[in-house]
Amino acid sequence: MTDLNIILFMCGWGPHAAYQILQDNAAPIPEEIKMVRIPCAGRISKALLMKSFEMGADGVILLGCEAGSCRYGNGTTNAQEHVADTRGILGLLGLGKERLQLANFLPDEPERLLSFLKDVAEQIRQLGRSPIPPGREWALSDTSDEAVSRVVSAHDVYACQECGKCSSACPLTLAGKPFSPRAIANAVIAGKVNEPAVRKDIWSCLTCGLCYDRCPSAVNFSEFIRDLRCLLTSRNPDRYAAHGGFFHSLMRTMTEPELHPDHWGWLDADIEIDKQGKTLFFGGCAPYFDIFFRKHLSVNTSASLVSSLRLLNFFDIYPNLLEQERCCGHDLLWSGDRENFLKLAKLNQEAFQDLGIEEIVTACPECYTTLNRDYPGQGIHLDLKVTHLFDLLEQEIDKGAVDFGKLNHRLTFQDPCRLSRFENRPDLPRKLINRLRPIRFTEMRDKGASATCCGNSAWIGCDGFSKALQVKRLKEAHATESDVLVTACPKCQIHLSCAMEDPFRGEDLKMKVMDLTSILANTIQWE
């Protein structure tokens, strides 16, 4: 008896008919394979495929109908795209893309199906057990009066003056959503945290920090919401997650010490690094984002990582790279999964120590605030310096002899919440933008510490109201008569690009989106 676990998702039409013939004839189907019948292979999303591996599957097989025979029209094509994307991510993750296989069969091909199943089972046997253990446990909700009271007291929510400045500034409220930070605070204080409407609002919050910026009592509502979510963590942690919880599954798999990601295998060969260096460039999850969204949005957030490294090389800085780099854990913490965040943070801490790293440079605002603020805030103390790339660039450019080529664009800028508000550094990207030579740079009405969020944080709470918020923000960008929206966060690029895909208003919203780091890298030159 084998202890391997291979999940077989099988379309209930063509391949299932062939599989039934094998069963009727008592064919020797590999015993490692556990079959799950599904309506259509195209319905098995990337999130479901990833969830299978998160829950300990050693291999996953998806069987669909041959092209042209799908009862639902596009099931075969959808399955091919979902599997191709997930395989790419499994490769980056270090699990091995070979653990996920797709094939299509007609009802009269039982022998070919049996041969395929035997081949895949043997391939998984050769790969061995997955490093992700099965049957992972989740912390149960703790909404006792004592636990909630601790969170309320920790953030001095009792100091709320009920002035309403938070609600009058909240982007979600202004987008028309029946949502109020003040009302949530009052409801939690009144012991109503378990009411469905209150719970829903706790997971709707963007944690963008604008309410904290406006609060006369300095109630840090974003961190209050974060800690409430940590109390509410349950066995269904992805209930409010966007994209079926794909990214949370991905990040939870990274908490396994035996996993060996191949984070930088795609990097251009001409990038110069120093494997003995004490300065580390931390890239973040951009490579995973690009694979996941390649078909829908065609974003290229990894370009900012390449541009960051090219800028460092321009100044004769050759950073070390963590070949098995994992996520910083931002989305786990801010979606309430503190337990797995701490596992991930401790693995990162150990990796930095093993390399003897003295300084980490990152271009991602979420990585920066997580490593710089959240790690020590959650008890993970890094004995090193955390630097945002923009700070380092400003320092190097300030030494002189650096110029920028003419930029034939009119620019406006989308502030990242984590950099402009959480770190109170709205000046940082603007110093660099003001060094560029565009046709014009025009600020949006809401800018800097008052800038509107891109509409989502930690892949939680994406809905029609967050989409309305994004549309409003894009209209604000168009009102500047700019032709390029400059971003400094991969998620801003993703979420605002997503809003531009609106089938009804997309053409009115479309605007070129460029990452500030890439603009700098493409125009910088010596005088």
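Residues numbered from 1 in each chain as written. Predicted model: local features only at pLDDT ≥ 70, side-chain atom pairs only at ≥ 80, totals over all residues. Heavy atoms only, no water.

## Things to note about the overall build of the chain
Keep this limit in mind: Only runs of H or I of at least four residues qualify as helices and only runs of E of at least two qualify as strands under DSSP, and these elements are numbered from the N terminus. Radius of gyration here uses only the C-alpha atoms, and the compact-globule reference equals 2.2 Å multiplied by the residue count raised to the power 0.38. Per-residue accessibility, obtained with a 1.4 Å probe over protein chains only, is compared with the maximum for each type, and a residue is labelled buried under 20%, exposed over 50%, and partly exposed between these values. Between two residues, a contact is recorded if the distance between any of their heavy atoms is within 4.5 Å. Residue exposure ignores everything except the shown protein chains as possible cover, and the areas themselves are Shrake-Rupley values with a 1.4 Å probe. Charged-residue counts in this description rest on Lys and Arg as positive and Asp and Glu as negative, His and the chain ends being excluded. In plain terms, the charge of a residue is placed at NZ if it is Lys, CZ if Arg, CG if Asp and CD if Glu.
Regarding its fold elements, the chain presents 24 helices and 14 strands. For the chain, whose C-alpha radius of gyration is 25 Å, the value lies close to the compact-globule estimate of 24 Å for 527 residues. If you line up the chain on its principal axes, its C-alpha atoms span 75 × 60 × 50 Å. Per-residue burial for the chain yields a buried fraction of 59% across its 527 residues. Here the analysis covers contacts within the chain between residues at least 6 apart in sequence; of these, 82% occur between residues at least 24 apart. Split by element, the accessible area of the chain, about 21,400 Å² in all, is 48% carbon and sulfur. Here the chain contributes 59 positive and 68 negative side-chain charges, whose respective centroids are spaced 5 Å apart.

## Here's the deal with the pairing of strand β2 (residues 33–38)
Let me state the cut-off plainly: For two strands to be treated as a pair, DSSP must find no fewer than two bridges joining them. Handedness is read with the strands pointing away from the viewer; a crossover is right-handed when the path from the first strand over the helix to the second is clockwise.
Pairing of strand β1 (residues 6–11) with β2 involves six bridges; the strand directions are parallel. When the bridges of β2 are listed, Met-10 appears paired with Arg-37. In this fold, the crossover linking β1 to β2 by way of helix α1 (residues 14–24) has right-handed handedness.

## Considering the domain arrangement of the chain
This is how the line gets drawn: Where each domain starts and ends comes from a domain assignment, either automatic or drawn from a database. Values labelled buried area give the accessible surface lost by two parts on being combined, using a 1.4 Å probe and summing over both. Only one rule defines a salt bridge in this text: a Lys or Arg side-chain nitrogen within 4 Å of an Asp or Glu carboxyl oxygen. Nitrogen and oxygen atoms within 3.5 Å of one another constitute a polar contact, given that in protein one can donate a hydrogen and the other can accept it, and given that sequence-neighbouring residues count only through two side-chain atoms.
Entries for the chain in the domain assignment read domain 1 (6–127), domain 2 (145–232), domain 3 (261–390) and domain 4 (395–526). Each side of the interface is counted separately: domain 2 has 17 residues, and domain 4 has 20 residues. Overall, the association of domain 2 and domain 4 removes approximately 1,300 Å² of surface from exposure, summing both partners, and the carbon and sulfur fraction of that is 62%. Remark: the boundary between domain 2 and domain 4 carries one salt bridge. For Lys-177, the salt bridge is made with Asp-463, and the minimal N-O distance between the two is 2.6 Å. Here domain 2 is connected to domain 4 by five residue pairs in polar contact (both at pLDDT 80 or more).

## Describing the environment of Cys-327
Take Cys-327: it is sitting in the loop between β6 (320–321) and α15 (330–334). The spacing of Cys-327 and Met-251 is 76 residues in sequence and 6.5 Å in space, taken between C-alpha atoms. Discounting residues that sit within four places of it in the chain, Cys-327 has contacts with Met-251, Met-254, Phe-282, Cys-285, Leu-344 and Asn-348.

## Re the packing of helix α2 (residues 46–54) against helix α3 (residues 75–93)
For clarity, the threshold we go by: Here, axes are lines fitted to C-alpha atoms. For helices the fit covers the stretch in contact, and angles between N-to-C directions go from 0 to 180 degrees. Each angle gets one of four labels, with under 35 degrees taken as roughly parallel, over 145 as roughly antiparallel, 65 to 115 as roughly perpendicular, and the rest as oblique. Should the near helix be turned counterclockwise from the far one by less than a right angle, the crossing is left-handed, whereas a clockwise turn marks it as right-handed.
Running from N to C, α2 and α3 point in directions that differ by 40°, and their axes come no closer than 9 Å. Judged by the inter-axis angle, α2 sits oblique to α3. Two packed elements cross with a definite hand, and for α2 against α3 that hand is right-handed. Residue-level inspection shows Lys-46, Leu-49, Met-50 and Phe-53 of α2 in contact with α3, the latter providing His-82, Val-83, Asp-85, Thr-86, Leu-90 and Leu-93.

## Some thoughts on helix α5 (residues 145–154)
Rule in force here: In this description, the arc belongs to the directions extending from the helix axis to the C-beta atoms.
Within α5, burial applies to Ala-147, Val-148, Val-151 and Val-152. Around the axis of α5, the buried residues are gathered within 135° of arc, so they sit on the same side. Away from the buried face of α5 by more than 90 degrees, exposed residues Asp-145, Glu-146 and Ala-154 are located. The inward-facing, buried residues of α5 abut α8 (181–189) and α11 (221–232). The first or second residue beyond α5 is Asp-156, which carries a positive phi of 50°.

## Concerning the nonpolar core
The following threshold applies: Here, nonpolar core refers to any group of buried Ala, Val, Leu, Ile, Met, Phe, Trp, Tyr and Cys residues whose side-chain atoms link them within 4.5 Å.
Core analysis: the biggest nonpolar cluster contains 138 residues, and Phe-247, Leu-250, Phe-293, Phe-352 and Leu-393 have the highest contact counts within it. Those residues in contact with Leu-393 that sit more than four places away from it in its chain are Leu-311, Phe-315, Leu-432 and Leu-520. Ranked by size, the runner-up nonpolar core spans 21 residues in total, among them Leu-8, Met-10, Tyr-19 and Ala-121.

## Focus: the pattern of salt bridges
This model, assessed by the stated rule, comprises 35 salt bridges. A salt bridge links Arg-435 to Glu-394, with the shortest nitrogen-to-oxygen separation between them at 2.7 Å. In this pair, Arg-435 is assigned in the loop between α20 (427–433) and β11 (437–441) and Glu-394 in helix α18 (residues 389–397), connecting sequence segments 41 residues apart. Residue class for Glu-394 comes out buried when judged on its relative accessible area of 14%. Taking the shortest distance from any N to any O, the salt bridge between Glu-476 and Arg-473 comes out at 3.0 Å. Highlighted residues: Glu-476 and Arg-473, both in helix α21 (residues 464–479), separated by three residues, approximately one helical turn. Side by side, Glu-476 and Arg-473 carry an identical accessibility label, which is buried. Within the structure, one salt-bridge network assembled from shared partners comprises Arg-226, Asp-227, Arg-338 and Asp-374.

## Details of the side chain of Gln-470
Of note, Gln-470 is situated in helix α21. By relative accessible area, which is 2% here, Gln-470 ends up buried. With sequence-adjacent residues up to four places away left out, Gln-470 is seen in contact with Cys-454, Gly-455, His-495, Leu-496 and Ala-499.

## Description of unusual backbone geometry
A positive phi angle is found at Glu-162, which is not glycine, with a value near 55°. Tracing the backbone shows Glu-162 in the loop between α5 and α6 (165–169). Of the residues examined, Glu-162 reaches a relative accessible area of 47% and is grouped as partly exposed. One non-glycine residue, Asp-316, adopts positive backbone phi at about 60°. With respect to the helices and strands, Asp-316 occurs in the loop between α14 (302–314) and β6.

## Quick notes on the packing of aromatic side chains
Going by this rule: Two rings belonging to Phe, Tyr or Trp (six-membered ring only in the last case) form a pair when the distance between their centres is within 6.5 Å. Interplanar angles under 30 degrees mark stacking, angles over 60 mark edge-to-face geometry, and anything in between is tilted.
Inspection of every chain in the model, using the stated rule, returns 20 aromatic pairs. Judged by centre distance (5.0 Å) and plane angle (85°), the ring pair of Phe-314 and Phe-315 falls under edge-to-face. Phe-315 matches Phe-314 in its accessibility class, with the two residues each being buried. Seen in terms of ring centroids, Phe-314 and Trp-526 are 4.5 Å apart; in terms of plane orientation they differ by 15°. Their pairing is stacked.

## Looking at the pairing of strand β3 (residues 59–65)
The buried fraction of β3 is high, at seven of seven residues. Handedness of the crossover is the feature at issue here: the chain leaves β3, passes through α3, returns alongside strand β4 (residues 100–105), and the resulting connection is right-handed.

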